[in-house]
Amino acid sequence: ARCGANVVLLGRDTAKTTKVRDGIALRTGNPSLTVVTADMGDLDDVRRVAAEIIDRCPRLDVLVHNAGALTADRRESAQGIEQTVASQVVGPFLLTSLLLPLLRASAPARVLTVSSGGMYAAALTVDGLQMGDDYAGSEQYARAKRAQVTLNEMWSQRVPAEEIVFHAMHP
């Protein structure tokens, strides 16, 4: 925002995301900040917001995935996916997939995934990605973060770096 970029902020709560936008605008002097609302764990919401971004944005230079939460109790998304996996793995994967043509058209573009060093607490097994009755919030979080990094690596193997560079980072 400080560099004058058009920034789209995506959040679950319109009021909270608008407050963040207003703070960024005040600190940077950039009025080109747009708020869109979606729950990254609701795949219908992800599809809707992807279409909205495609309609609003003639180009997309950077996509940052920063959804994250560690919950004590097992919850499911509207589509029946464990909520941590839905919002931190499946939703961001779907959003990247839907925005891939726009990212490619804006090459060179970047996709940044904010993961966590907590991923080292659990191994990744695709069959064991979603916890069931054995649910433990911190382990589910670790599994989701491990999956994020693995998907980033897979994206980078499938998409030429001249088009899109994929990064994963621990804050």
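Residues numbered from 1 in each chain as written. Predicted model: local features only at pLDDT ≥ 70, side-chain atom pairs only at ≥ 80, totals over all residues. Heavy atoms only, no water.

Participant: Explanation requested: the packing of helix α2 (residues 43–56) against helix α3 (residues 83–105) in the structure shown.
Facilitator: Two packed helices can be described by the angle between their axes and the distance between those axes. In the contact formed by α2 and α3, the axes pass within 9 Å of each other and the chain directions differ by 25°. By the angle between their directions, the pair α2 and α3 is classed as roughly parallel. By crossing handedness, the relation of α2 to α3 is classed as right-handed. Across from Leu43, Val46, Arg47, Val49, Ala50, Ile53 and Ile54 in α2, the residues of α3 making contact are Val90, Gly91, Leu94, Leu95, Leu98, Leu99 and Leu102. Counted by class, the contact of α2 with α3 contains 12 nonpolar, one polar and one charged residues. (Axes fitted to C-alpha atoms, helices over the stretch in contact; angles between N-to-C directions. Helix = DSSP H or I, 4+ residues; strand = E, 2+ residues; numbered from the N terminus. Parallel < 35°, antiparallel > 145°, perpendicular 65-115°, else oblique. Left-handed = near helix turned anticlockwise from the far one by under 90°. Contact = heavy atoms within 4.5 Å. Nonpolar A, V, L, I, M, F, W, Y, C, P; charged D, E, K, R; others polar.)

Participant: Is there a simple way to think about the nonpolar core in this case?
Facilitator: One recurring pattern in soluble globular proteins: nonpolar side chains tend to sit buried together. Grouped together as the largest cluster of nonpolar side chains are 30 residues, with contacts concentrated most on Leu95, Leu99, Leu103, Ile164 and Phe166. Going through the elements one at a time, α2, α3, β4 (109–114), α4 (137–158) and β5 (164–169) are the ones with two or more residues in this core. When residues in this core are grouped by element, the largest group, nine residues, is from α3. Ignoring anything within four residues of it in the chain, the contact list for Leu99 reads Ala50, Ile53, Ile54, Leu60 and Leu63. (Core = buried A, V, L, I, M, F, W, Y, C linked by side-chain atoms within 4.5 Å. Buried < 20%, exposed > 50% of the residue type's maximum accessible area, 1.4 Å probe, protein only.)

Participant: So what exactly am I meant to see when it comes to α4 here?
Facilitator: Structural remark: α-helix, 3.6 residues per turn; residues separated by three or four positions point the same way. Taking 1.5 Å per residue, 22 residues should reach 32 Å; α4 reaches 31 Å between its end C-alpha atoms and fits that length. Looking only at α4, the buried set comprises Gly137, Gln140, Tyr141, Ala142, Arg143, Ala144, Lys145, Ala147, Gln148, Val149, Asn152 and Trp155. Where α4 is buried, its residues contact α3, β4 and β5. (Expected span 1.5 Å × (residues − 1).)

Participant: So what exactly am I meant to see when it comes to the environment of Ser97 here?
Facilitator: The topology assignment puts Ser97 in helix α3. Classification of Ser97 as partly exposed rests on a relative accessible area of 28%. Distance from Ser97 to Asp134, taken between C-alpha atoms, is 31 Å for residues 37 residues apart in sequence. A polar atom in the side chain of Ser97 sits 2.9 Å from the backbone oxygen of Phe93. (Polar contact = N/O pair within 3.5 Å; in protein donor to acceptor, adjacent residues only side chain to side chain.)

Participant: Explain the pattern of salt bridges to me, please; I cannot follow it from the model alone.
Facilitator: Close approach of charged atoms lets side chains of opposite charge pair. Using the criterion set out here, one finds nine salt bridges in the structure. A salt bridge links Glu52 to Arg48, with the shortest nitrogen-to-oxygen separation between them at 3.3 Å. Remark: Arg48 and Glu52 occur in helix α2; sequence separation between them is four residues, near one turn of the helix. Residue Glu52 is classed as partly exposed on the basis of its relative accessible area of 22%. (Salt bridge = Lys/Arg side-chain N within 4 Å of Asp/Glu carboxyl O.)

Participant: Would you mind showing me how to read the sheet that holds β5 here?
Facilitator: One open sheet accounts for three strands, arranged β3-β4-β5; its pairing is parallel. One side of each edge strand has no neighbouring strand; the edge strands of this open sheet are β3 (62–65) and β5. Taking the axes of each pair of neighbouring strands and ignoring which way they run, one obtains an average angle of 15° across the sheet. Direction of pairing for β4 relative to β5: parallel, over a ladder of six bridges. When the bridges of β5 are listed, Leu112 appears paired with His167. Where α3 meets the sheet, it contacts β3, β4 and β5, and its direction lies at approximately 175° from that of β3. (Pairing = 2+ DSSP bridges.)

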